[in-house]
Amino acid sequence: MTYTFLQHYWWFIVSLLGALLVFLMFVQGANSMIRSLGWTDEGRRLVINSTGRKWEFTFTTLVTFGGAFFASFPLFYSTSFGGAYWLWMIILFTFVLQAVSYEFQNKLGNLLGPRTFQFFLVLNGLVGPLLLGGAVATFFEGSNFIVEKGNIIDAAALTPIISRWANASHGLDALLNPWVLVFGLAVVFLARTLGTLYVMNNVADEDIRSRGSVRLVGTAVPFVLLFVAYLVHLLLKDGYAYTADGTIVVEPMKYLHNLLDMPLVAAVLLVGVVLVLWGIARNTFQNKNDGIWHAGVGTVLTVLCLLLTAGWNHTAFYPSTADLQSSLTIENASSSYFTLNTMFYVSLLIPFVLAYIVYCWRKIDARKLTREEIKSDHAY
């Protein structure tokens, strides 16, 4: 295995984890619609208990995604997670609020009341996907950072810091880019769409399913409009390529060229988009409740291909708007050959982990959630 192969392999693994994370954010999407899907107190508890069975999968995938990035592309980890720390700290804080809210909203002695913790769930459901979507958008739109690798061996440097943010906003400045907001909002409405599809499939309650069929249109239409707008923008915008000697250059319509140069990725992207639309259509026009599986697979395939387009084919996956030559690529930001090679063999265990997750998922969802079940002692 060559060093180049391992770099591309680990970008694929990281992209796959990111795609799974976006799908699993149906938990956040459903939580953002607690009051619209569950009109009564009992209805809201049905929605919360439906997502409460799955929130650990989302949180674990988020942590694994960060860990995989740290191990395979440490310079990105130190640049983004270290420089844009306000962005990531807000994301993590809302996820912590989510975990606490599930466990304490109906505990005896809860002085804040269940509605306070339900508000925290809604907050996580809106802010989490928005900021995570914005963070992904910076792979295409760029971020305001500077990399100075010479600091690590420069005795005159006050601190041996390789990368630093070029302003005091530490990541929040990305939200000033309207296209970052467009992509972030597209992820929010995608999460709400997937959340509605999941609850309609998981909860055996006609009132919630009838409400979900109406709410689905209100979430799917904005998602499609925002996603199409960003996709057109992405295919027509300038991208960031690198030459054989590592020099970063601006290339017109780089991401369109990537899809043309990688027809398999383009084909899978198209299949993913069709599956998402088909899943929405099944629930909307055919009165089915299984659209979550079509849309879920489609989401994973679509996000996977978008991330592959951001890093493969000699593309800078994390462009710098402060210093073009500081932009990160899978070559200049990766770990050593020894590290990537060792982790490759560890990654062979991933199929077994996925099989265990599927097994646990099927056991948890063996029966549809009913109003009688939320009256048990183990309900949220």
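The shown structure was predicted, so the numbers you read here are calculated from the model rather than taken from an experiment.

*Asks:* Just give me the short version of the overall build of the chain, but keep the residues and values in it.
*Replies:* The secondary structure content of the chain amounts to 15 helices and four strands. Relative to the 2.2 N^0.38 estimate, which gives 21 Å for 380 residues, the radius of gyration of the chain is 21 Å and therefore close to what a compact globule would have. Counting only C-alpha atoms and orienting by the principal axes, one finds that the chain spans roughly 65 × 45 × 40 Å. A buried classification covers 51% of the 380 residues belonging to the chain. Taken as a whole, the chain presents about 17000 Å² of accessible surface, with 71% of it coming from carbon and sulfur. Computed over 23 positive and 22 negative side-chain charges, the separation of the two mean positions in the chain equals 12 Å.

*Asks:* Lay out the side chain of S334 with the relevant residues and their values.
*Replies:* Inspection of the secondary structure puts S334 in the loop between helix 13 (291–311) and helix 14 (337–347). The class of S334 is buried, set by a relative accessible area of 14%. Polar side-chain contacts of S334 include one of 3.2 Å to the side chain of Y3. Engagement of the side chain of S334 in a polar contact is seen with the backbone oxygen of I330, the distance being 3.4 Å. Setting aside residues no more than four positions away along its own chain, S334 makes contact with Y3, Q7, S72, F73, P74 and L340.

*Asks:* So what's going on with the packing of aromatic side chains? Residues and values would help.
*Replies:* Scanning all chains against the criterion turns up 41 aromatic pairs. Ring centres of F76 and F139 lie 5.6 Å apart, and the angle between their planes is 70°; on these two criteria the pair is classed as edge-to-face. Remark: F139 occurs in helix 8 (residues 114–141) and F76 occurs in helix 6 (residues 74–83); sequence separation between them is 63 residues. Comparing F76 with F139 shows no difference in burial state: the two are buried. Chaining the aromatic ring pairs together yields one cluster made of W11, F65, F69, F73, F76, F139, F145, W165, F317 and Y318. Lying over the aromatic face of W361, K54 brings its terminal NZ or CZ to 4.7 Å of the ring centre.

*Asks:* Lay out the nonpolar core in plain terms, naming residues and giving numbers.
*Replies:* Core analysis: the biggest nonpolar cluster contains 103 residues, and W11, F69, F139, F317 and L328 have the highest contact counts within it. Examining the composition of this core, we find that twelve residues originate from one element, helix 1 (residues 3–24), more than from any other. If we skip the residues at most four places from it in the chain, F139 touches W11, F69, F76, Y255, L307, A310, A316, F317, Y318 and P319.

*Asks:* Break down a nonpolar patch on the surface for me, citing the residues and quoting the values.
*Replies:* Side chains of M1, Y3, F5, Y337, Y345 and L348 sit close together on the surface and give an oily, nonpolar patch of about 580 Å² of accessible area. Elements represented by at least two residues in the nonpolar patch include exactly helix 1 and helix 14. A relative accessible area of 39% places M1 in the partly exposed class.

*Asks:* How would you sum up the pairing of strand 3 (residues 239–242)? Please name residues and give values.
*Replies:* Of the two faces of strand 3, the one holding G239 and A241 and the one holding Y240 and Y242 are both buried throughout. Bridge analysis of strand 3 against strand 4 (residues 248–251) gives four bridges, and the strand direction is antiparallel. Pairing of G239 across the sheet is with E251, part of strand 4. Where strand 3 folds back onto strand 4 in an antiparallel hairpin, the turn is made up of five residues, including G246, whose phi is positive at roughly 90°.

*Asks:* Quick one: what's the story with the pattern of salt bridges, residue by residue and with numbers?
*Replies:* Considering all chains together, one arrives at four salt bridges under this definition. With a shortest N-O distance of 2.9 Å, D365 and K54 are connected by a salt bridge. Highlighted residues: D365 in the segment after helix 15 (350–364) and K54 in the loop between helix 4 (41–52) and helix 5 (55–72), separated in sequence by 311 residues. Summarising the burial analysis for this pair, D365 and K54 share the class buried. For E251, the salt bridge identified is with K254, shortest N-O distance 3.8 Å.

*Asks:* Go over the packing of helix 12 (residues 263–285) against helix 13 with me, naming the residues and quoting the values.
*Replies:* It is the contact of helix 12 with helix 13, at a shortest axis distance of 7 Å, that shows an interaxial angle of 155°. With respect to their mutual orientation, helix 12 and helix 13 come out roughly antiparallel. Seen from above, helix 12 lies across helix 13 with left-handed handedness. Of helix 13, the residues touching helix 12 (which contributes V265, V268, L269, V271, G272, V273, L275, V276, W278, G279, R282 and N283) are G291, H294, A295, V297, G298, T299, L301, T302, C305, L306, L308 and T309. When grouped by side-chain class, the residues that make up the contact of helix 12 with helix 13 number 14 nonpolar, nine polar and one charged.

The rules behind each value
- Residues numbered from 1 in each chain as written.
- Predicted model: local features only at pLDDT ≥ 70, side-chain atom pairs only at ≥ 80, totals over all residues.
- Heavy atoms only, no water.
- Helix = DSSP H or I, 4+ residues; strand = E, 2+ residues; numbered from the N terminus.
- Rg over C-alpha atoms; globule rule 2.2 N^0.38 Å.
- Buried < 20%, exposed > 50% of the residue type's maximum accessible area, 1.4 Å probe, protein only.
- Areas by Shrake-Rupley, 256 points an atom, 1.4 Å probe, with all protein chains shown as cover.
- Lys, Arg positive; Asp, Glu negative; His and termini not counted.
- Charge placed at Lys NZ, Arg CZ, Asp CG, Glu CD.
- Polar contact = N/O pair within 3.5 Å; in protein donor to acceptor, adjacent residues only side chain to side chain.
- Contact = heavy atoms within 4.5 Å.
- Phe/Tyr/Trp six-rings, centres within 6.5 Å; stacked < 30°, edge-to-face > 60°.
- Lys NZ or Arg CZ within 6 Å of the ring centre and 35° of its normal.
- Core = buried A, V, L, I, M, F, W, Y, C linked by side-chain atoms within 4.5 Å.
- Patch = residues over 30% accessible without salt bridge, like charges linked within 9 Å, V, L, I, M, F, W, Y side chains within 5 Å.
- Salt bridge = Lys/Arg side-chain N within 4 Å of Asp/Glu carboxyl O.
- Pairing = 2+ DSSP bridges.
- Axes fitted to C-alpha atoms, helices over the stretch in contact; angles between N-to-C directions.
- Parallel < 35°, antiparallel > 145°, perpendicular 65-115°, else oblique.
- Left-handed = near helix turned anticlockwise from the far one by under 90°.
- Nonpolar A, V, L, I, M, F, W, Y, C, P; charged D, E, K, R; others polar.

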